[in-house]
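# Results of the structural survey
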Amino acid sequence: MSQISGKPVSYWIDSTSTDNFPSLIQATFDSVSVDVAIVGAGIAGVTTAFLLKRAGKTVALLEANEIATGVSGHTTAKVTSLHQLVYANLIKEAGEQKAKLYAQSNQAAVEQVAALVQEEQIACDFSRQNAYTFAETEENLGQIKDEVEAAMQLGLPASYVSEVSLPFPIAGAIRFTNQAQFHPRKYLAHLAKKIYGDGSYVFENTRVTQVEEGDPCQIITNQGVVHAKDVVVTTNVPILDQGLFFAKAYPKRSYIIGAEISPEQAPEGMLIGTGEGYRSIRTTPYNGKLLLLIGGEGHKVGSRSDTETCYQNLENYARSRFGVQSIDYRWSTQDMVSFDQLPYIGKLTPFNDHIYVATGFSLWGMSNGTMSGMLLSDLLLGIENPWANLYDSTRATPFVKPTSLKENMDVGIHWVGDRLKGLQDNSFDEVAPGEGKLLTLGTNKVAAYRDESGTVHAVSATCTHLGCIVNWNSAEKSWDCPCHGGRFSCDGEVLHGPPVKGLEAIEG
Ligand SMILES: Cc1cc2nc3c(=O)[nH]c(=O)nc-3n(C[C@H](O)[C@H](O)[C@H](O)COP(=O)(O)OP(=O)(O)OC[C@H]3O[C@@H](n4cnc5c(N)ncnc54)[C@H](O)[C@@H]3O)c2cc1C
Ligand code: FES
């Protein structure tokens, strides 16, 4: 196995010490009643809970792990309404009016983050930055020019520039001024602290397994039950299947490395490329210098096993393009990409009056997730919101779009075809140290990993969500489901939804 450079942890998590919140049992409550229960403490959940508490509601924020250790703790954390290339296409597909609402709501989210940082005096390395989408070749320049035109038409702070401060030539770029960047975990930890108290709660290490709608709703966790008039599910991909969100968006995994860079070598602003193999680039304060973050190498979750290559490609890029000497950090994460580019925010289904969701942020959840908190809190407070129809989670879904059809057909192909994997491997002896492999033991499909000390970690290979067969992810040492993005540790614990139950252990 090849060596990958960098500490394998998100810089945002490594550089934050947070106050830990109790689990439901540790807090000695076996039952809690609040106005609103929020499931999942990423940017969508924390923002929703914070705004509701500020408006006078009692809330319980329930997190399976720790605050902001999911996608929001592994993001690049650009807070911008410049979403690579989205506006020209949105105008074409959804019309100018809807595209304008998308633009306005995401700009409002950028300003909401800025306002909270200011009002709450949050020390989170917040700074105003320009955001750029650049084309390296003339071939992609047309898209940039179309995007500039579309963004200007929608009233966004956009202009065309022919140069950016990257240390290599580009063909041209779109620039949005007065955008922002921050340290997402410091920001969210601060807001979470403000949620706790006066009849409101934050529970960590409390996994929700089921939600029953009623008067009140019951939120069943591995630690006891919470009662609430309304429930908001912000688990990135909803853990409740009724809304079929796992089939209205697909899970995209992407990689980030962090390398120390001097201010003189560092590029200005937040940048993202276009076309195959695009990179996302920004810096953040780091030990009196800067940490250069480079992201990219995205692919559908569970579709690649040789994920070390993704990190190596980013490292080669950082060394050759920016002359960095060493890689300090590496991490990866995933997000749900909506088939019609618009997040789903609102009721779980048309038949649910008290269960709400937010998902499908398409790798732009710092603004989309903040915006979903603003919209959800308005919906729950009975305040009319002009964005509600655009993001209505029960809207007719474009199942017939080519991308949607392909992704959902892929799921069917995996469900059937992956059962044939590992048919010829039927002994733990087939698994080398450091390797993860699918085996067939009797009638069982087994996911087996042998650690460097020789111990075998064996679990059922059948995903507890809807029964697809998991795939090995070599860099993260995890079992990833190619159907809807569920991920499990090598011992079978859930790392990422939609599954809520771990993979069954098998005697090694
Ligand atoms: C590589 C990468 C880079 C990105 N960069 C940017 C960027 O620069 N700018 C930008 O705007 N967006 C970016 N994004 C997107 C953005 O990070 C996400 O859209 C956003 O963080 C998602 O927030 P969330 O609240 O939906 O999910 P999360 O942050 O994952 O929060 C969901 C929480 O729910 C918890 N949970 C799950 N199941 C349960 C359960 N059963 N019970 C209780 N809790 C549960 C999880 O532990 C998690 O903490 C990026 C995405 C990726 C993949
Ligand atoms: S995540 Fe749906 S079947 Fe695995």
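Residues numbered from 1 in each chain as written. Chains lettered and ligands numbered in written order. Predicted model: local features only at pLDDT ≥ 70, side-chain atom pairs only at ≥ 80, totals over all residues. Heavy atoms only, no water.

## Describing the nonpolar core
So the rule is basically this: The nonpolar core is taken to be a set of buried Ala, Val, Leu, Ile, Met, Phe, Trp, Tyr and Cys residues, with the residues joined through side-chain atoms within 4.5 Å. Exposure categories follow from relative accessible area, calculated using a 1.4 Å probe and restricted to protein chains: below 20% of the type maximum is buried, above 50% is exposed, and the middle band is partly exposed. Secondary structure elements follow DSSP: runs of H or I no shorter than four residues count as helices, runs of E no shorter than two count as strands, and numbering proceeds from the N terminus. Contacts are assigned to residue pairs with any non-hydrogen atoms lying within 4.5 Å of each other.
Among the nonpolar cores identified, the biggest contains 77 residues, and L61, Y87, F176, F182, Y187 and Y391 are the most heavily contacted of them. With 8 residues, the top contributor of residues to this core is helix α4 (residues 96-119). Residues contacting Y391, with those up to four places away along its chain left out, are L101, Y102, S105, N106, L342, P343, Y344, I345, M371 and L375. Of all hydrophobic cores here, the second largest spans 28 residues; its members include Y255, L271, I294 and F322.

## Observations regarding the sheet that holds strand β21 (residues 471-473)
For clarity, the threshold we go by: For two strands to count as paired, DSSP must find a minimum of two bridges between them. Note on geometry: axes are C-alpha line fits, over the in-contact stretch for helices, and angles between N-to-C directions span 0 to 180 degrees.
The strand order across the open sheet formed by 4 strands is β21-β22-β23-β24, and the pairing between neighbours is antiparallel. A single partner strand is all that each edge strand has here, and the edge strands are β21 and β24 (494-496). Recorded for the sheet is a direction-independent mean angle of 35° between the axes of neighbouring strands. As defined by bridge partners, strand β23 (residues 487-489) adjoins β24 across 2 bridges and the pair is classed as antiparallel. Directly across from R487, in β24, lies its bridge partner H496.

## Here's the deal with the sheet that holds strand β18 (residues 436-441)
Ordered in space as β18-β19-β20-β25, the 4 strands form an open sheet in which the pairing is antiparallel. Strands with a single pairing partner mark the edges of an open sheet, and in this sheet they are β18 and β25 (505-506). Taken together, the 2 bridges between strand β20 (residues 456-460) and β25 define a ladder with antiparallel strand orientation. Residue V459 lies in a different strand from β25, and its bridge partner there is A505.

## Structural notes on the site of ligand 1
Operational definition: Any residue with a heavy atom positioned within 4 Å of a molecule or strand is treated as near that molecule or strand. Polar contact is defined as a pair of N or O atoms within 3.5 Å, subject to the rule that within protein one atom must be able to donate a hydrogen and the other to accept it, and that residues adjacent in sequence are counted only when both atoms are side-chain atoms. Using a 1.4 Å probe, the Shrake-Rupley method yields the accessible areas, and only the shown protein chains count as cover for residues. Residues are grouped as follows: Ala, Val, Leu, Ile, Met, Phe, Trp, Tyr, Cys and Pro are nonpolar; Asp, Glu, Lys and Arg are charged; all remaining types, including Gly, are polar.
Around ligand 1 sit 36 residues, and of these E63, S72, K78, D335 and M366 come closest. In the model, an oxygen atom of ligand 1 is placed 2.6 Å from a nitrogen or oxygen of the E63 side chain. Between ligand 1 and V208 there is a distance of 2.9 Å, counted from a nitrogen atom to a backbone nitrogen or oxygen. Computed on the free molecule, ligand 1 has an accessible area of 1,000 Å², of which 96% lies beneath the protein chains in the complex. Of all the secondary-structure elements, those providing two or more residues to the shell around ligand 1 are α2 (43-54), β11 (249-261), β15 (329-338) and α8 (365-381). Along the lines of polarity and charge, the residues of the shell around ligand 1 split into 16 nonpolar, 16 polar and 4 charged.

## Comments concerning helix α6 (residues 184-195)
As a reminder of what qualifies: Given the number of residues in a helix, its expected span is that number minus one, multiplied by 1.5 Å.
Here α6 spans 17 Å end to end across 12 residues, near enough to the 16 Å set by a 1.5 Å rise per residue. Listed as buried for α6 are P184, R185, Y187, L188, A189, L191, A192 and I195. Its buried side turned inward, α6 meets α1 (11-14), α2, β2 (59-62), α4, β7 (201-203) and α8. Trailing α6 by a residue or two, G197 shows a phi angle of about 110°, which is positive.

## Observations concerning the packing of aromatic side chains
Here is the rule: When two rings of Phe, Tyr or Trp (its six-membered ring) have centres within 6.5 Å they constitute a pair, described as stacked for plane angles under 30 degrees, edge-to-face for angles over 60, and tilted for the intermediate range. Only when the NZ of Lys or the CZ of Arg is both within 6 Å of the ring centre and within 35 degrees of the ring normal is a charge said to sit over the ring.
This structure, assessed with the given rule, holds 19 aromatic pairs. Ring centres of Y317 and F322 lie 6.4 Å apart, and the angle between their planes is 55°; on these two criteria the pair is classed as tilted. Both residues of the pair, Y317 and F322, count as buried. Of note, K145 hangs over the ring of Y160, and the distance from its end group to the ring centre comes to 5.4 Å. It is K248 that lies over the ring of F245; its NZ or CZ is 4.8 Å from the centre.

## What to know about the domain arrangement of the chain
Operational definition: Here the limits of each domain have been adopted from an automatic or database domain assignment. Buried area is calculated as the accessible area (1.4 Å probe) missing from two parts once they are joined, with the contributions of both summed. Here a salt bridge means any side-chain nitrogen of Lys or Arg lying within 4 Å of a carboxyl oxygen belonging to Asp or Glu.
Segmenting the chain into domains produces domain 1 (31-75 + 185-247 + 341-391) and domain 2 (417-506). Listed per partner, the contact involves 10 residues of domain 1 and 8 residues of domain 2. When the area that domain 1 buries against domain 2 is broken down by residue, the three leading residues are R207, V237 and F246, summing to 52%. Counting across the interface, domain 1 meets domain 2 through 0 salt bridges. Where domain 1 touches domain 2, the interface holds 2 residue pairs in polar contact (both at pLDDT 80 or more).

## Overview of the side chain of S280
Secondary-structure assignment places S280 in strand β13 (residues 279-286). Polar side-chain contacts of S280 include one of 2.7 Å to the side chain of K78.

## A look at the state of the cysteines
Cut-off, in case you're wondering: In this description, a disulfide is simply a cysteine sulfur pair whose atoms lie within 2.5 Å.
Enumeration according to the criterion identifies 1 disulfide in this entry. C468 shares a disulfide with C483; S-S distance 2.0 Å. What sets the handedness of the C468 and C483 disulfide is the S-S torsion sign, and at about -85° it is left-handed. Of the two residues, C468 is situated in the loop between β20 and β21 and C483 in the loop between β22 (478-480) and β23; the sequence distance between them amounts to 15 residues. Take C310: it sits in no disulfide, and the sulfur closest to it among the cysteines is that of C481, at 18 Å. Free cysteine C490: the closest other cysteine sulfur is in C463, separated by 16 Å. With a relative accessible area of 14%, C490 lands in the buried category.

## As for the pattern of salt bridges
Between side chains of opposite charge, a pair can form as their charged atoms come close. Scanning the model with the defined rule gives 14 salt bridges in all. R185 is paired through a salt bridge with E66; the nearest N and O atoms lie 3.7 Å apart. You can see R185 sitting in helix α6 and its partner E66 sitting in the loop between β2 and β3 (78-79), a full 119 residues away along the chain. Where E120 meets K194, a salt bridge forms, and the shortest distance between an N and an O atom there is 2.8 Å. You can see E120 sitting in the loop between α4 and β4 (127-135) and its partner K194 sitting in helix α6, a full 74 residues away along the chain. Of the residues examined, K194 reaches a relative accessible area of 43% and is grouped as partly exposed.

## Considerations on helix α3 (residues 87-94)
Counted only if it meets this: Here, the arc refers to the directions that run from the helix axis to the C-beta atoms.
Turning to α3, its buried residues are Y87, L90 and I91. Taken around the axis of α3, the buried residues stretch over an arc of 100°, which confines them to a single face. Buried residues in α3 make contact with α4, α5 (141-153) and β6 (172-181). With its phi angle positive at about 100°, G95 sits one or two positions after the end of α3.

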